[in-house]
Amino acid sequence: MANFKPLNHHRNSSPLLPFFSLLLTLSSLTTASNNSPMTTPTDSGPVVPTDPLITLLERLQLTALNTFGSKNYDPKHYVDLSLKHNLSETQLAFDDLPKSSTGSVSAVDLNGFITSYFNGAGEDLVYAEPPDFVPEPEGFLPAVENPVMREWALEVHKLWKNLSRRVDAGVFEHPELHTLLPLSKSVMVPGSRFREVYYWDSYWVIRGLLVSKMYDTAKGIVSNLISLRDEFGFVLNGARKYYTNRRSLTRLCSQPPLLSAMVYVIYSRTGDMDFARKSLPALLKEHHFWNSGFHSVTILDAEGCKRTLSRYYAMWNKPRPESSTIDMETASKISNASEKQHLYRELASSAETGWDFSSRWMRNASDLTTLATTSIIPVDLNAFILQMELNIAFLAKVTGDRITAARFLEAAEARKLAMNSVFWNEEMGQWLDYWISDKTKCKDAYTWVASNQNRNIFASNFIPLSVELFNSDLKLVEKVRQSLQRSGLIRAVGISTSLTNSGQQWDFPNGWAPIQHLIVEGLVRSGSKEAKSMAKDIAARWITTNYVFYKKTKTMSEKYDVEKCGEYGGGGEYVPQTGFGWSNGVVLAFLEEFGWPKDLKIHC
């Protein structure tokens, strides 16, 4: 492995955010950091009523916290329960529970109520044997020559069986009793508390499934996501009612838009023209969703040209149902009702980014109430949409729609120019997130100001390299590669998400499989010998930490500590999870790309 010199950082004494009592003394909102441009905390955009089932489950969630305490408490568990009886009967029984003045119920009474009136969280998803799974697929990882690594790769491959589920028939028969959404095809869940399909996780699950030759399962995942897009107007963050905005009248919240990337990689591997043709209409609608309404932002750049880019913006200004008690606790530090609603929107929008949470979205890295995600135009989101435009152009061309292909090639070129003029920082050799400010807004556009670029270093600053329009420029690739090498992000066993130890899970010292894969693949695709060498080294570090962790625990982790080989990551609002869909997929994709020589040992 290359000798990358790490920077020194101090870790907080506890990696987990504590749950405090909801009866906190109200305090004023912390003043925003001076180096982040301010926007007025307005709460534009509609919020529609919440589904009665979710309202009941949120009440149950709060009662459980008051009754059982914060130890081993996960608010998502309670909104994932399904009803045994109809809603009105369950509500009456809940209201009849004897409660103390603080709202708590005796543990005996509450446990009895839950047992009598609810099925367990996740019981409405049942095991499904993947029909295209075989213990050792033909032509599986031929470049993995080391027998120990090959044996482990087959174990990772077998984990697909552990994560495969189908929606129980009861969800189709009585959808009103469930927060789980009915999906016709089998699903791959990420693992642990994540008991449903998730949007951007699915891309790396699919990358792994393609290595495992499980093409039908991969197509089924895309079919499910397209059905969600068709039903709700966008691809949901996850397949639960509390992520929707129509059927259950709750929030509009997606995740990083990678549907086109899923279709593209499946078509590239299978050549299935019918699959590509049927998928294309959904991709066109997905593109419109991310380039209209609040998602679309226009910047007047330094040369006076209007550039249109995209941002995250969730249509929601209440606590997230799956984290309701946590959000209320966070917002209890704010007394102003409008600012509280604004914080709830920022929390939901941060969840839409997939990076929930990170100092990247905060004006003050030590204060979650300073989230300002809707005031940020993110580098990686626009890289994903640029790739979407290229994918749509490609798929339109191969399916015979040359007019659409030409239109999206033109859109891709326009976005590339916008990204270079708004995000690119020549001095740093990186693309930087851009903060919009009310002070620079004139009519329908914001005037670009150099100081509004966020000069803090995040792994996302390098994700545009994954797009061909950037990685095909060898001079640019070398500049970015050198910038990455001296950034301090490359640590002992992978790329850190940031250099800031905020206690949030999308910050230092955590490394995440999707980030490793996006950057590594960009380096590899460039064709640069130096870039490919760096990519191979990073991949080897990442594979090693996954391997060592697995050998100790027999599980794959959601995230890893890139400072400590074989250790899971921490921070955030829930305990570390195992399973794990995208970790499995990235390991298999790396082993397919780079192999593993027979004489290369596997150790920290």
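For the structure, see preceding data.
Numbers given to residues run from 1 along each chain, matching the order in which its sequence is written. Side-chain atom pairs in this predicted model are given and counted only at pLDDT of 80 or more, local residue features only at pLDDT of at least 70, and totals for whole chains, interfaces and linings cover all residues. Think of the side-chain values as coming from all heavy atoms in the structure, minus any hydrogens and water.

Asker: An account of the overall build of the protein is needed here, citing residue identities and associated values.
Answerer: Secondary structure elements are defined from DSSP: runs of H or I of at least 4 residues count as helices, runs of E of at least 2 residues count as strands, and each element is numbered from the N terminus. Broken down by element type, the protein carries 19 helices and 17 strands. Overall, the C-alpha framework of the protein stretches about 70 × 60 × 55 Å when taken along its three principal axes. For the protein, the residues scored as buried account for 60% of the 604 residues in total. Here the analysis covers contacts within the protein between residues at least 6 apart in sequence; of these, 72% occur between residues at least 24 apart. Calculation of accessible area relied on Shrake-Rupley with a 1.4 Å probe; when residues are assessed, cover is drawn exclusively from the protein chains displayed. Of the roughly 23,300 Å² of accessible surface on the protein, 52% is carried by carbon and sulfur atoms. Neither His nor the chain termini are counted; the positive set is Lys and Arg, and the negative set is Asp and Glu. Note on charges: their place is set at NZ of Lys, CZ of Arg, CG of Asp or CD of Glu. Seen as two clouds, the 64 positive and the 64 negative side-chain charges of the protein have centres 3 Å apart. Think of it in three bands: residues with accessible area under 20% of the maximum for their type are buried, residues over 50% are exposed, and the middle band is partly exposed, with areas taken using a 1.4 Å probe on protein chains only. In this analysis, two residues are considered to be in contact whenever any of their non-hydrogen atoms come within 4.5 Å of each other.

Asker: Give a description of the packing of aromatic side chains that names residues and reports values.
Answerer: Any two aromatic rings considered together are summarised by their centre-to-centre distance and by the angle between their planes. Classification of ring pairs uses Phe, Tyr and Trp, with its six-membered ring standing for Trp, and accepts pairs whose centres are within 6.5 Å; under 30 degrees between planes counts as stacked, over 60 as edge-to-face, and the remaining range as tilted. In total, this model carries 35 aromatic pairs according to the counting rule given. One Lys or Arg, K99, reaches over the ring of F94 and ends 4.6 Å from the middle of that ring. Throughout this description, the term charge over a ring refers to an Arg CZ or Lys NZ atom that lies within 6 Å of the ring centre and within 35 degrees of the ring normal. Across the ring face of W355, the terminal group of R360 is positioned such that the distance to the ring centre comes to 4.7 Å.

Asker: Explain the pattern of salt bridges residue by residue, including any values.
Answerer: Criterion for a salt bridge: a side-chain nitrogen of Lys or Arg within 4 Å of a carboxyl oxygen of Asp or Glu. Enumeration according to the criterion identifies 30 salt bridges in this entry. Measuring nitrogen to oxygen at the nearest pair gives 3.6 Å for the salt bridge that ties D444 to K306. Of this pair, D444 sits in the loop between β12 (441-442) and β13 (445-447) while K306 sits in strand β7 (residues 306-310), and the two are 138 residues apart along the sequence. Of the residues examined, K306 reaches a relative accessible area of 52% and is grouped as exposed. E389 is the salt-bridge partner of R415, the closest N and O atoms lying 3.1 Å from each other. One end of the pair, R415, is in helix α14 (residues 402-422); the other, E389, is in helix α13 (residues 379-398), and 26 residues separate them in sequence. Judged by its relative accessible area of 5%, R415 is buried. Overall, E389 belongs to the buried group, its relative accessible area being 2%. Sharing partners across several salt bridges, the network here consists of K76, D80, R195, E196 and R240.

Asker: Account for the state of the cysteines, naming residues and giving values.
Answerer: Any two cysteine sulfur atoms lying within 2.5 Å of each other are counted as a disulfide. If you walk through the whole model with that rule in mind, you get one disulfide. With no disulfide of its own, C305 has C442 as its nearest cysteine by sulfur position, at a separation of 16 Å. For C305, a relative accessible area of 30% gives the class partly exposed.

Asker: Give me the lowdown on helix α17 (residues 513-525), citing residues and values where you can.
Answerer: The terminal C-alpha atoms of α17, which comprises 13 residues, lie 18 Å apart, in line with the 18 Å expected from a rise of 1.5 Å per residue. The buried fraction of α17 amounts to twelve of the 13 residues, a majority that puts the element mostly inside the structure. Restricting attention to buried positions, one finds in α17 the residues A513, P514, I515, Q516, H517, L518, I519, V520, E521, G522, L523 and V524. Of the residues one or two after α17, G527 is the one with positive phi, at around 85°. By this rule, a helix spans an expected 1.5 Å times one less than how many residues it contains.

Asker: So what's going on with the environment of L180? Which residues, and what values?
Answerer: Relative to the assigned elements, L180 resides in the loop between α6 (169-173) and β5 (187-188). L180 gets classed as buried once you look at its relative accessible area, which sits at 2%. Between the alpha carbons of L180 and R240 there is a distance of 4.6 Å; along the sequence they are 60 residues apart. If near-sequence neighbours (up to four positions away) are discounted, L180 is found in contact with D124, L125, V167, V171, E196, A239 and R240.

Asker: Explain the sheet that holds β5 to me, using residue names and the numbers behind them.
Answerer: Two strands form a pair only when DSSP identifies at least two bridges running between them. Across the sheet, three strands lie side by side as β3-β4-β5; this open sheet has antiparallel pairing. This sheet does not close on itself; its edge strands, each paired only once, are β3 (125-127) and β5. Note: β3 against strand β4 (residues 164-167), three bridges, orientation antiparallel. Within β4, the residue paired with V126 across the bridge is R166. Only the stretch in contact is used when fitting a helix axis, every axis being a line fitted to C-alpha atoms; angles between N-to-C directions are given from 0 to 180 degrees. Taken strand by strand, helix α5 (residues 147-163) contacts β3, β4 and β5, and its axis lies near 20° from that of β4.

Asker: Help me get a handle on the packing of helix α9 (residues 259-270) against α13, residues and values and all.
Answerer: At a minimum axis separation of 9 Å, α9 and α13 run at an interaxial angle of 45°. Taken together, the axes of α9 and α13 lie oblique to each other. Crossing of α9 over α13 shows left-handed handedness. The segment α9 lies against α13, with S260, A261, V263, Y264 and Y267 engaging Q387, M388, N391, F394, L395 and V398. Under this grouping Gly is polar, as are all residues other than the nonpolar Ala, Val, Leu, Ile, Met, Phe, Trp, Tyr, Cys and Pro and the charged Asp, Glu, Lys and Arg. Of the residues assigned to the contact of α9 with α13, the class counts are eight nonpolar, three polar and no charged. By definition in this entry, angles of less than 35 degrees are roughly parallel, angles greater than 145 are roughly antiparallel, angles of 65 to 115 are roughly perpendicular, and the rest are oblique. Whether a crossing is left-handed or right-handed is set by the direction in which the near helix is turned from the far one by less than a right angle, anticlockwise for left-handed and clockwise for right-handed.

Asker: An account of the sheet that holds β12 is needed here, citing residue identities and associated values.
Answerer: Strand order in the open sheet formed by four strands is β7-β6-β13-β12, with mixed pairing between adjacent strands. Strands at the two margins of the open sheet, each flanked by one partner only, are β7 and β12.

Asker: Hey, could you go over the pairing of β4 for me, with residue numbers and the actual values?
Answerer: Across two bridges, the pairing between β4 and β5 is antiparallel. Note on β5: the bridge partner recorded for S164 is M188.

Asker: Account for the side chain of D380, naming residues and giving values.
Answerer: Along the chain, D380 turns up in helix α13. Take D380: its relative accessible area is 2%, and that puts it in the buried class. When sequence neighbours within four positions are dropped, the list of residues in contact with D380 reads W355, R360, S460 and I463.

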